[in-house]
Amino acid sequence: MTAPDTGAFTAGRAEPDTEALRERALASLLTARDRTTLLTSCVEEPDLTAQHSPLMSPLVWDLAHIGNQEELWLLRAVGGREAMRPEIDGLYDAFEHPRSERPSLPLLAPAEARAYAAEVRGRVMDLLQGADFHGSRLTEAGFVFGMIAQHEQQHDETMLITHQLRRGPRALTASDPEPAAPFTGPAEVLVPGGPFTMGTSTEPWALDNERPAHVREVAPFWIDTTLVTNAAYQAFIEDGGYDTERWWTPDGWAHIRQHSITAPLFWHREGGQWLRRRFGVTEPVPADQPVLHVCWYEADAYARWAGRRLPTEAEWEKAARHDPASGRSRRYPWGDADPAPQHANLGQRHLGPAPAGSFPAGESPLGVRQLIGDVWEWTASDFLPYPGFEAFPYREYSEVFFGSDHKVLRGGSFAVDPVACRGTFRNWDYPIRRQIFSGFRTARSEVA
C-alpha cells in the first residue's frame, strides 16, 4: 500500500531552482573530496598501499575507485564523454574482485590515483556548471550528483574503518564531543501502535532501497530512550554473557565460540580495567558512551539477557520519524531541517560517539535520543525490498544484497556525512561484522 510522503528535503518550501540544486551538488561533492583527501594524506605511502585487514581494501584502491565511479556516472553516463582510462574499469569494479584480492591487482600508485581522481573531478566541475537537473530520471533534482557524493562519503566511512584497523601511531585527530549533562529522562518510551508512512517517494537524493513510501502497521512497543552504553554492556560481560549459551542464537553461539570472542572488538582487560584501542590510541573504555564495534549476534544476545529484544526496522523508523501529533513522518527525528551540529554527531567531526543521552535538540517527538549519528544501530530485520521496489540506477547497489544473509542497521554513525544519512536511509551487513561503527538500543513489545 502506497502512501503520501512528506519527506522531501524541501519540505515546507518551494522546489529549489536550478542554481540552488547546483550549489547543493557542488557543496556535497567538495565536502566529500575534502574528507577523502584528509583520509588519504595523513599516512605515508606504505600505509596507503597495504591491506590492513582482509575485510578492507587498501586505501589507495578506495581513492581510485571513488574517481572511477565519478567518471562512470557523471562524465560518461551524464556527460556522454569517452572513457578516460577504460583499462582500469575492471580493477575498480567492486563486484569483480573481492577485497581480499585487491592488493594483488595492478592498482594505480598513490600519486597516479590522486592525479586520476583530481582530473575526473576537474572535468566534473565543468560538467556541473552546465548540468540540466530536469533532463532525465538520472539527473532530476541533481540525483546522480547526490548519488556520487553519497558514494564517496560511504567510502570515506569505509576508509575511516581501515584507519581504525590499521596498526601504528595515531594518524587522525579530532576534538571529543562536548560533555553532556547526565541524562535523567525515562529509560524507555512507548511508541503508539497504528499505521505510519515508512520510506520515501519524494526525497530527491534517496537511494532505491529507501523507496517507495508505503504504509506500515506497527503494534505498540517500548524502545530505549538512549543507546546501550559501555557500562551496561560490561554488566552483560561480567554476568557471564559470553559464556551462557541460552542468550545466543545457534549461529551466534557457534560464531563466538569459533572465534573466541569475549568482548567488543578492540577491547581488552588489563589490571582489572577495560581498555580499548581507538585510532592508534589505547584508552579506558568510557562508561557513558554507546557501546561500539559489536556484531548483530552480540547485540541480540545482550537484548535477550536484558529481557528485551532488538527493534525491527519498521519499529526503529517509526520511533525516529513518526510524529503522533500530526500523524506525518518527518525527514529526521527533530523535523525536516537538514542536520546541524546541535542535532547529531555526524561527518567525522569527532572520532567517536558522544555520551548516551546527548543532543536533546535532536530527539524525536516521543523523546528518543541519538537516533541519528553516533553509532549505526542493529535492528532485528533482514534486508528486504519494500513493496513496489525498483532497482535504480543499477541492481548492484541494493537488489543483489536482499535476503536473510544481511541484517539492517539504521541511523548512521559519527563517521557518516549528513548527505548519506536520513531517517529513511538503510544500511546492511552480515551479522558477524564488528569492524563497522555499530551499536544498538533495545525494545520490548507492550504487554496487553
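Our subject in this report is the structure included herewith. From a predicted model like this one, the values you see are computed outputs, not experimental measurements.

### Considering the pattern of salt bridges
For the structure on display, the rule yields 38 salt bridges. Between Asp47 and Arg166 there is a salt bridge, with the nearest N and O atoms lying 3.5 Å from each other. One end of the pair, Asp47, is in helix H2 (residues 45–49); the other, Arg166, is in the loop between helix H5 (143–165) and strand E1 (188–191), with 119 residues separating them in the sequence. Since its relative accessible area comes to 6%, Arg166 is described here as buried. Each of the salt bridges in this network shares a partner with another, and the network as a whole consists of Glu313, Glu317, Arg321, Arg410 and Arg426.

### Points about the packing of aromatic side chains
Evaluation of the coordinates by the stated rule reveals 28 aromatic pairs. On the numbers, 5.9 Å between centres and 70° between planes, the contact of Phe133 with Phe145 is edge-to-face. A residue pair is termed long-range when its members are at least 10 positions apart, and Phe133 in the loop between helix H4 (110–129) and H5 and Phe145 in helix H5 qualify at twelve residues. Judged by relative accessible area, Phe145 falls into the buried class, the value being 1%. With a centroid separation of 5.5 Å and 50° between ring planes, the pair formed by Trp267 and Trp274 is classed as tilted.

### Notes on the sheet that holds strand E12 (residues 443–445)
If you trace the three strands from one edge of the open sheet to the other, you get E1-E4-E12, paired in antiparallel fashion. The sheet is open, and its two edges are formed by E1 and E12, each paired on a single side. Geometrically, the sheet is characterised by an average inter-axis angle of 25° between neighbouring strands, direction not taken into account.

### Focus on the pairing of strand E8 (residues 376–383)
With six of its eight residues buried, E8 lies for the most part within the structure. When E8 meets strand E11 (residues 438–439), the two strands line up parallel, connected through two bridges. Looking across to E11, one finds that Glu377 is bridged to Gly439. In terms of strand pairing, E8 meets strand E9 (residues 403–410) through four bridges, oriented antiparallel.

### Thoughts on empty space enclosed by the protein
Tallied over the full model, the rule gives three cavities of 30 Å³ or more. Volume-wise, the largest cavity comes out at about 90 Å³. As for the largest cavity, its lining consists of 13 residues, of which Gln164, Arg276, Arg278, Leu292 and His293 are closest to the centre.

### Some details on unusual backbone geometry
Comment: phi is negative for the bulk of residues other than glycine, and the bulk of peptide bonds are trans. Along the chain, Arg211 connects to Pro212 via a cis peptide bond; the corresponding omega equals -10°. Residue placement: Pro212 occurs in the loop between strand E2 (194–198) and strand E3 (214–218). The linkage connecting Phe392 with the following residue, Pro393, adopts the cis geometry, with an omega of -5°. Considering the arrangement of structural elements, one finds Pro393 in the loop between E8 and E9. A positive phi angle, close to 60°, is found at Ala141, a residue other than glycine. For Ala141, the position within the fold is in the loop between H4 and H5. Within the chain, Phe359 stands out as a residue other than glycine whose phi angle is a positive 60°.

### Observations regarding H5
The end-to-end C-alpha distance of H5 is 33 Å, a good match for the 33 Å that 23 residues give at a rise of 1.5 Å each. Counting buried positions along H5 gives 22 out of 23 residues, so the element sits mostly inside the fold.

### Notes on the nonpolar core
Within the largest apolar cluster, 117 residues are counted, with the highest numbers of intra-cluster contacts made by Phe145, Leu160, Tyr233, Trp248 and Phe440. Of all the elements, H5 adds the most residues to this core, at ten residues. When near neighbours in sequence (up to four residues on either side) are disregarded, Phe440 contacts Leu227, Val228, Tyr233, Val291, Val294, Ala299, Tyr302, Leu310, Val375, Trp376, Glu377 and Trp378.

### So, the sheet that holds E9
Sheets are built from strands that pair by backbone hydrogen bonding, the pairs being arranged parallel or antiparallel. Read across the open sheet, the four strands follow the order E10-E9-E8-E11; overall the sheet is mixed. With one partner strand each, in any of the chains shown, strand E10 (426–429) and E11 form the two edges of the open sheet. Taken together, the four bridges between E9 and E10 define a ladder with antiparallel strand orientation. Its bridge partner lying in E10, Leu409 is registered against Asn427.

### Quick look at the pairing of E1
By the alternation rule, side chains of E1 split into Val189 and Val191, which are all buried, and Glu188 and Leu190, of which none is buried. By the bridge criterion, four bridges tie E1 to strand E4 (residues 221–224) in an arrangement that is antiparallel. Residue pairing across strands places Glu188 opposite Asp224, the latter belonging to E4.

### A closer look at the packing of helix H1 (residues 18–41) against H4
Closest axis-to-axis distance for the H1/H4 pair is 11 Å, and the angle between their directions is 170°. Between H1 and H4, the interaxial angle falls into the category roughly antiparallel. Across the interface between the two elements, Arg22, Ala25, Leu26, Leu29, Leu30, Arg33, Thr40 and Ser41 of H1 pack against Arg114, Ala117, Arg121, Val124, Met125, Leu128 and Gln129 of H4. In terms of residue class, the contact of H1 with H4 is made up of eight nonpolar, three polar and four charged.

### A word on the packing of H1 against helix H3 (residues 59–78)
Any two packed helices are characterised by how steeply their axes cross, that is the angle between the axes, and by the distance between the axes. The N-to-C vectors of H1 and H3 enclose an angle of 155°; their axes lie 10 Å apart at closest approach. Of the possible angle classes, the one that applies to H1 and H3 is roughly antiparallel. As H1 runs across H3, the sense of the crossing is left-handed. Along its contact with H1, which presents Arg33, Thr36, Leu39 and Thr40, the element H3 presents Leu59, Leu63, Ile66 and Glu70. Here the residues of the contact of H1 with H3 are counted per class, giving four nonpolar, two polar and two charged.

Calculation notes
Residues numbered from 1 in each chain as written. Predicted model: local features only at pLDDT ≥ 70, side-chain atom pairs only at ≥ 80, totals over all residues. Heavy atoms only, no water. Salt bridge = Lys/Arg side-chain N within 4 Å of Asp/Glu carboxyl O. Helix = DSSP H or I, 4+ residues; strand = E, 2+ residues; numbered from the N terminus. Buried < 20%, exposed > 50% of the residue type's maximum accessible area, 1.4 Å probe, protein only. Phe/Tyr/Trp six-rings, centres within 6.5 Å; stacked < 30°, edge-to-face > 60°. Pairing = 2+ DSSP bridges. Axes fitted to C-alpha atoms, helices over the stretch in contact; angles between N-to-C directions. 1 Å grid on protein atoms, 1.4 Å probe; cavity = no way out; pocket = protein on both sides within 12 Å on 5 of 7 lines; lining within 4 Å. Points joined across faces, edges and corners; volume = space filled by probe spheres on them. Expected span 1.5 Å × (residues − 1). Core = buried A, V, L, I, M, F, W, Y, C linked by side-chain atoms within 4.5 Å. Contact = heavy atoms within 4.5 Å. Parallel < 35°, antiparallel > 145°, perpendicular 65-115°, else oblique. Nonpolar A, V, L, I, M, F, W, Y, C, P; charged D, E, K, R; others polar. Left-handed = near helix turned anticlockwise from the far one by under 90°.

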